[in-house]
Amino acid sequence: MKRLAPICLTLLAGCTGNWSNADLEFVSALPVKGELQSKIPTRSTTNPLNGEGTRKDPLGLGEPSQSYLEAKKASTDFNALLDGLLSIVEAVRTLPPTTREKDSRTWGPFNDDKNPGYEVQLVIVRGEDQVPDGGSQPGKTFTWKIEFREKQGPGAWFTLADGAFLATGGIRKGQGVARLLIAENVSKLKSLQVFGPLALIETGYITDRDPLTVGMRFTFGANDAGYSELGYGYQEKADKAGRMAFGLRTTDANITLLNVAAGWLPSGAGAATATVQEGNYQGATAVECWDDSFKTVYAFQNWPGGVNLGNQASCVALPF
Amino acid sequence: MSPLRAIGVLLALWAAAPARAEAPIRRFAVVVGHDDGGEGTRELSFARDDARKLHEIFTRVGGVPADDAFLLLNAGADDVLTALGEMERRARDATLKGSRSVLIFYYSGHAKDGALRLGSSKLPLEALKRRLATAPADVKLGIFDACRSGAITRTKGARRAPAFEIESDATRAAKGLVLLTSSAANEESQESDQLGGSYFSHHLASALLGDADKSGDGRVSLAEAYAYAYDRTVADTAESAAGPQHPTFSFDLAGNGDLVLTDVMLRKEGLLVPAGAPAGQYFLVDPRGFVVAELTKAEGVERRVALAQGRYLVKRRLPDKLRVGEVVVRDGSITTLDESRLKDTKFSDDPVKGPVKNTAWARRFSLSLGGEWQQVFDRPTQLGGYFPSAPMFGAEVALHNAFGPGFGVGLDVLYGQINGFLSTDAVGTLEYRYGVFSVGGTFMWEYAPSFVVPVVGVRVGFQSMTREFLGTDLPKQTYMVLTPGLVVGVRFRIFKGFNAGVKARLHYMLYNVDEVRNLGFLDLSAMLSYEFGGG
């Protein structure tokens, strides 16, 4: 009778909808690519850098900054990978949950057009409250996973992506991790073939403090270049000043792996420091500064034949 | 030879009648009026008024002592049978004491499927007819003013004719049953707003008050009253939408004689229209604006109407105008109409104002526009509540008196919007834009005749709510729910068809997404309305 009463009342009252305060909390546990993607300043109206990332001329003062272009390209590439990780999450965010339990929400199963014969679901589970690192007040914890299964049968669910989030108050404010399990699923899901040699993408993020921090690690399977892992870090202050660090693979035998750390002010002016990690110039470094029109104002390379242009005093002071 | 051709049925039952009445006569009456015919019928406006009118005439000029006349208004079948049983007992006692007795049963109300409809109870016509036929009175007179009431007369001796025929030179007092009905077995009996009663009862009353006294002896016989009521009822209803209405009669009598129903001179009270007054049709109108009696006067003939004491307007209709004047009938005296006191009046100033009463209860529409505050009984959304309170505006179309006096329906549409903040532990504070759309139907009762019109009712609403979270990509949320509720309000007739009013609606609302919660809301509204389409 206790179960019948609300059912009868529901029929009598004829109510329906997705009006839920709790749904907002579950949805907020999911990472949003727009918030985690790096955002390097660009000024399309005055930007002289058409064809950015393609310049092969030697460095010269007043020329478009090569380091800025490399950082911009790296930002675009890493954002694309983050997009791959979170695209499914983004797709279901706008839909109401299919199933509501006291401490969980499930979206799906849905048919997956990109992987014919499979269906997908997103499950978010609310866990025990925890105190975040560096915090004092406990926050709600959520874990989530994106699962696939063959429609025929149907098969058993297997996990493509999962993550966790510790909410510390505010819309999507907290600390989270997420990962995309490529290698173990690529044989079943055709859509993963776009990731090439990547076997695993992992990310961690902290959004409840300034600066916002995002870290990514890319684990590779067997590849011709022979590398197994790359890292990427990004921080963004509230005023839109930011910095990023990443490894850059090149075909130059002298600089096969370059570790780059770039930073910028809200105006766009910034600086990058590069250290040769692998190659004939291993251990050499380079510094390049650009102004708010993204033109080189200072360049210094300490490897053979390197340049030393401009005055280092022309470089802006970075906030972090 | 009487003006009415003598052939058959005869009664002689009036105490003051000629000497052929050998024993004293006692008269008893059960007068019933019921506006409500129960399921499948529409409430009548004047059935009780008809009963009051006939009860007053029977007791004032019809020889029925007030103690021997029961007036039953909106009473059930059991009460009617109980009253009839009591009058049967008294008639039996009168007979044992050597008196002759007359039992009159009058009914105004609904009849359907072979039964009188007394609210939710029924009184089968055939059973009632048998009861009257076997009642221990010398003469039983049944008068039925009801739709298809002719069903009671069609089994034996029924006639649909202008008059039944009476042998005037009979010597034996009659015994038996006479039945009069207002319409044939397949006809509706109609009411008139102008007359403030049914056509048949109005004309029967007018006849009994004296207009049917063709012989001029001051007495109105059953034959005279029936002939008069028949002619006037058929004439008045000939052009009506429901079609002409033909009264019927039947009799099952032994013996002879005429039945005098009223004696206009009995109380020496009423209105005298002198022989010198102009010929024509006179209407006597009471202070409410209803025609209580009519009088047809021929040139050079004196006429009397047994009006009760009171103040009346006398109206005579001429081709291009009305002649109207006031007369006062005092207790125990005859007032003579003075033609010189009548004044010419335009047709637009006709004192007959029957519709005044009925305008209030007439079926009509209204359109209302207004605003309201919807107060939701829930925690504030800043404290985790689900629905905010909001201002709304909208319109309502209502059909008043759709299901009888005071009972109507309304259809309303409302929209509201407000911005607010929602706070939850994990999400913090979000700004939202809330929208609410409501459409509802109200079944209401209102007391319409007064300047202040109270309204009560029940409403079932369909409410659709949305909220969008500003500055976020969180999905829009919606909730739709049926909300039953109660309505109470009052409106004021401020100017002609315009009304201003306030209303409160208390509604139940079930929420069942995150959890099952029984919520409610109160709508407090103010509106301006315009009524149209009423008679």
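Check the entry above for the structure.
Rules of the game
- Residues numbered from 1 in each chain as written.
- Chains lettered and ligands numbered in written order.
- Predicted model: local features only at pLDDT ≥ 70, side-chain atom pairs only at ≥ 80, totals over all residues.
- Heavy atoms only, no water.
- Contact = heavy atoms within 4.5 Å.
- Buried area = accessible area lost by both parts, 1.4 Å probe.
- Salt bridge = Lys/Arg side-chain N within 4 Å of Asp/Glu carboxyl O.
- Helix = DSSP H or I, 4+ residues; strand = E, 2+ residues; numbered from the N terminus.
- Nonpolar A, V, L, I, M, F, W, Y, C, P; charged D, E, K, R; others polar.
- Pairing = 2+ DSSP bridges.
- Expected span 1.5 Å × (residues − 1).
- Buried < 20%, exposed > 50% of the residue type's maximum accessible area, 1.4 Å probe, protein only.
- Arc of directions from axis to C-beta.
- 1 Å grid on protein atoms, 1.4 Å probe; cavity = no way out; pocket = protein on both sides within 12 Å on 5 of 7 lines; lining within 4 Å.
- Points joined across faces, edges and corners; volume = space filled by probe spheres on them.

**Examining the interface of chain B and chain A**
Moving on, step 1. Between chain B and chain A, the residue contacts involve 34 residues of the former and 31 residues of the latter.
Moving on, step 2. With both sides pooled, the region where chain B packs onto chain A buries about 2,700 Å², and carbon together with sulfur makes up 60% of that total.
Moving on, step 3. Viewed at the interface, chain A and chain B are joined by 1 salt bridge.
Moving on, step 4. Secondary-structure elements contributing two or more residues to the side of chain B that touches chain A are β24 (407–424), β25 (428–446), β26 (452–469), β27 (477–495) and β28 (498–511) of chain B.
Moving on, step 5. Counting residues per element, the side of chain B that touches chain A draws most heavily on β27 of chain B, which supplies 6 residues.
Moving on, step 6. Here the residues of the side of chain B that touches chain A are counted per class, giving 20 nonpolar, 9 polar and 5 charged.
Moving on, step 7. In the sheet, strand β1 (residues 16–17) of chain A pairs with β27 of chain B via 2 bridges, with the strands oriented antiparallel. Considered in β27 of chain B, the bridge of Gly-17 of chain A is made with Tyr-479 of chain B.

**With respect to helix α2 (residues 77–96) of chain B**
Residue and element names in this part refer to chain B.
Moving on, step 1. Between its first and last C-alpha atoms α2 spans 29 Å; for 20 residues at 1.5 Å apiece the expected length is 28 Å, and the two agree.
Moving on, step 2. For α2, the complete set of buried residues consists of Ala-77, Val-80, Ala-83, Leu-84, Met-87, Glu-88, Arg-90, Ala-91 and Ala-94. Considered in projection along α2, the buried side chains sweep an arc of 165° and stay on one side of the axis. Exposed side chains of α2 directed beyond 90 degrees from the buried face belong to Asp-78, Thr-82 and Leu-96.
Moving on, step 3. Residues of α2 that are buried sit in contact with β1 (25–33), β2 (69–73), β3 (100–108), β5 (115–118), β6 (121–124) and α3 (125–133).
Moving on, step 4. Immediately downstream of α2, the backbone of Gly-98 shows phi near 90°, a positive value.

**Description of the layout of surface pockets**
Moving on, step 1. There is about 620 Å³ of room inside the second largest pocket.
Moving on, step 2. Lining the second largest pocket are 21 residues, and of these Arg-42, Glu-43, Leu-44, Ser-45 and Glu-191 of chain B sit closest to its centre.

**Structural notes on the environment of Val-27 of chain A**
Moving on, step 1. Among the structural elements, Val-27 of chain A can be located in helix α2 (residues 21–28).
Moving on, step 2. Among the residues examined, Val-27 of chain A registers a relative accessible area of 4% and is labelled buried.
Moving on, step 3. Sequence spacing of Val-27 of chain A and Val-92 of chain A is 65 residues, and the spatial spacing of their C-alpha atoms is 9.3 Å.
Moving on, step 4. Excluding residues that lie within four positions of it along the chain, Val-27 of chain A makes contacts with Arg-93 and Trp-107 of chain A together with Leu-474 of chain B.

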